[in-house]
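# Secondary and tertiary structure notes
If you want the building blocks of each chain, they are given just below.
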Amino acid sequence: MARKVQHALLTKAKNNKNDEFYTQLSDIESELQYYKSHFKDKVVFCNCDDPRISNFFNYFVSNFKELGLKKLITACYREQVRDLFNTEEYENGIFFEHTGSEGEKNKPSSTDIVYFKGDGDFRSAESIELLKQSDIVVTNPPFSLFREHVAQIVKYDKKFLVIGNINAITYKEIFKLIKENKAWLGINLGRGISGFIVPEHYELYGTEARIDSLGNRIISPNNCLWLTNLDTFKRHEDIALTKIYFRNEIEYLKYDNYDGINVNKTQDIPLDYKGFMGVPITFLHKFNPDQFEIIKFRKGDDEKDLSVNGKCPYFRILIKNKRIQTESQIHT
Ligand SMILES: C[S@@+](CC[C@H](N)C(=O)[O-])C[C@H]1O[C@@H](n2cnc3c(N)ncnc32)[C@H](O)[C@@H]1O
């Protein structure tokens with residue numbers, strides 16, 4: 001192989017490394033248990049999943065009746081140049097439709113599989129056609145295309161439950177959805193997602209890597225979340241607030257470039273402060289839109305990062321408490 005091509009493939013393989021993290025059934029089960037009521041009579045689309053290996057496919061086939069699903073469509077992408085060991089070009093993507101009818105197999109055989117004309121990219125016209133027929137997209141999309149993946153679902157006005165990196169919250173497009181209550185965090189996050197199956201050739205590193213009893217290579221990045229627009233009990237639970245601002249003003253410094261106070265931990269949000277407060281992004285995991293309003297992300301009035309006495313705390317989200325009702329509770 002020419003040196004230049006080899007270099008390009010190596011770079012591509014490196015960039016795509018995190019795209020080849022396969023989700024474990026146990027992590028899918030532990031999140032999906034909270035959404036069962038949303039699936040009745042719905043068409044689910046797993047648009048970044050090979051039905052022959054995907055645990056999303058396994059989950060929905062196994063729970064098809066219990067969830068009352070109408071149909072499951074599972075579609076998978078074939079990269080035109082997959083990796084260093086497989087340089088086959090122009091492979092097609094595939095998809096498989098499961099309707100739960102009598103005698104249907106739980107594993108697609110080669111004759112059940114339908115070939116796309118193209119590569120099965122979730123952005124391709126063929127895949128979008130399947131998206132249009134669907135109600136809910138559930139998958140772990142390639143990390144490098146997360147924004148585009150979510151944007152497309154929103155564009156077609158579909159429901160979704162997808163895995164992404166925690167940093168996704170800080171993407172402008174994703175934060176906007178969260179601020180506008182068009183998306184929110186799911187139940188499990190960080191260490192609550194136990195790890196991903198990685199390909200054979202993936203180098204295991206560090207203490208958070210292991211081989212499970214089935215011989216799968218698992219790594220636990222502990223930096224992932226579920227993002228969804230399916231309602232959950234969690235976003236209707238108030239954060240229990242115990243701290244008081246009145247007479248403890250010294251603990252809550254004001255921003256240099258915004259009329260608000262800095263709060264370093266979600267549990268330290270004072271229950272009596274009616275103005276703007278900057279909280280860490282982890283707040284979003286506990287966010288109840290009936291209790292708080294999200295105002296803005298990260299920037300002060302001067303559009304520079306929020307700062308306190310010249311120092312910038314790590315990304316802050318500006319929020320406001322909606323529940324302060326009586327004058328006696330308000331001391332600002
Ligand atoms: C993070 S992995 C997760 C795989 C599977 N969804 C799961 O959770 O086990 C992302 C998958 O998306 C596939 N993929 C990469 N680019 C894609 C694209 N443009 N369209 C559809 N799938 C893509 C990758 O090949 C990979 O299998």
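Criteria and thresholds
Residues numbered from 1 in each chain as written. Predicted model: local features only at pLDDT ≥ 70, side-chain atom pairs only at ≥ 80, totals over all residues. Helix = DSSP H or I, 4+ residues; strand = E, 2+ residues; numbered from the N terminus. Buried ≥ 20, exposed ≤ 12 C-beta atoms within 10 Å, placed from the backbone. Near = placed C-beta within 6 Å. Nonpolar A, V, L, I, M, F, W, Y, C, P; charged D, E, K, R; others polar. Pairing = 2+ DSSP bridges. Axes fitted to C-alpha atoms, helices over the stretch in contact; angles between N-to-C directions. Contact = placed C-beta atoms within 7 Å. Parallel < 35°, antiparallel > 145°, perpendicular 65-115°, else oblique. Left-handed = near helix turned anticlockwise from the far one by under 90°. pLDDT = per-residue confidence, 0-100. Arc of directions from axis to C-beta.

A tally of helices and strands in the protein chain yields seven helices and 16 strands. Within the protein chain, buried positions represent 31% of all 332 residues.

Right, let's get into the site of the ligand. Taken together, 18 residues are adjacent to the ligand, and Tyr22, Thr23, Cys48, Tyr77 and Asn140 come closest. Going through the elements one at a time, strand S1 (22-23) and helix H3 (55-62) are the ones with two or more residues in the shell around the ligand. In the shell around the ligand, the residues fall into nine nonpolar, five polar and four charged.

With that settled, consider the sheet that holds strand S16 (residues 316-321). Here four strands make up an open sheet; going across it, the order is S13-S14-S16-S15 and the pairing mixed. Across the chains shown, the open sheet's two edge strands, defined by having one partner strand only, are strand S13 (260-262) and strand S15 (292-297). Taking each pair of neighbouring strands and ignoring which way they run, the sheet shows an average axis angle of 35°. For S13 and strand S14 (residues 276-280), the ladder comprises three bridges, and the chain directions are parallel. For Gly260, the partnering residue across the bridge sits in S14 and is Phe276.

This part is about the environment of Gly164. When you line up the elements, Gly164 lands in strand S7 (residues 159-165). Separated by 63 residues in sequence, Gly164 and Leu227 place their C-alpha atoms 7.0 Å apart. If sequence neighbours within four positions are ignored, Gly164 has contacts with Phe146, Cys224, Leu225 and Leu227.

Another point: H3. Every α-helix winds through 3.6 residues per turn, so residues three or four apart in the chain are directed the same way. Along H3, the positions that sit buried rather than exposed are Asn55, Phe56, Phe57, Tyr59 and Phe60. Structurally, H3 contributes buried residues whose contacts are with S1, helix H2 (25-32), strand S2 (43-46), helix H4 (64-67), strand S3 (71-76) and strand S6 (136-139).

The N-to-C vectors of H2 and H3 enclose an angle of 50°; their axes lie 9 Å apart at closest approach. Judged by the inter-axis angle, H2 sits oblique to H3. For the element pair H2 and H3, the recorded crossing hand is right-handed. Side by side, H2 and H3 meet where Leu25, Ile28, Glu29 and Leu32 of the first sit next to Asn55, Phe56, Asn58 and Tyr59 of the second. Partitioned by chemical class, the residues of the contact of H2 with H3 number five nonpolar, two polar and one charged.

Right, let's talk about unusual backbone geometry for a bit. One non-glycine residue, Asn222, adopts positive backbone phi at about 55°. Checked against the element boundaries, Asn222 lands in the loop between strand S11 (217-219) and strand S12 (224-228). Look at Asn222 and you get partly exposed, because 14 C-beta atoms sit within 10 Å. In this structure, Glu303 takes a positive phi of about 65° despite not being glycine. Assignment of secondary structure puts Glu303 in the loop between S15 and S16. When the 8 C-beta atoms within 10 Å are taken as the criterion, Glu303 is described as exposed.

Looking now at the sheet that holds S1. In spatial order, the strands read S1-S9-S11-S10; together these four strands make up an open sheet with antiparallel pairing. In this open sheet, the two edge strands, each paired with only one partner strand, are S1 and strand S10 (209-211). Pairing analysis gives two bridges linking S1 to strand S9 (residues 196-198), with the strands arranged antiparallel. Note on S9: the bridge partner recorded for Tyr22 is Ile197.

Below, the discussion takes up the confidence of the model for the protein chain. Summary statistics for the protein chain give a mean pLDDT of 89 and a share of 89% for residues scoring 70 or more. pLDDT under 50 marks residues 5-15. Its contacts with residues more than four places away, or in other chains, come to seven contacts. Considering only residues more than four positions removed or in separate chains, one finds that residues 80-85, a stretch of pLDDT under 50, has eleven contacts.

By the burial criterion, the buried members of helix H6 (residues 146-155) are Phe146, His149, Val150, Gln152 and Ile153. Taken around the axis of H6, the buried residues stretch over an arc of 160°, which confines them to a single face. Buried residues along H6 sit in contact with S6, S7, helix H7 (172-179) and S12. Just past H6, the residue Asp157 takes up positive phi, approximately 55°.

Next up on the list: the environment of Gln291. Topologically, Gln291 is positioned in the loop between S14 and S15. Every residue in contact with Gln291, bar those within four places of it in the chain, is listed here: Asp238, Ile239, Lys322 and Arg323.

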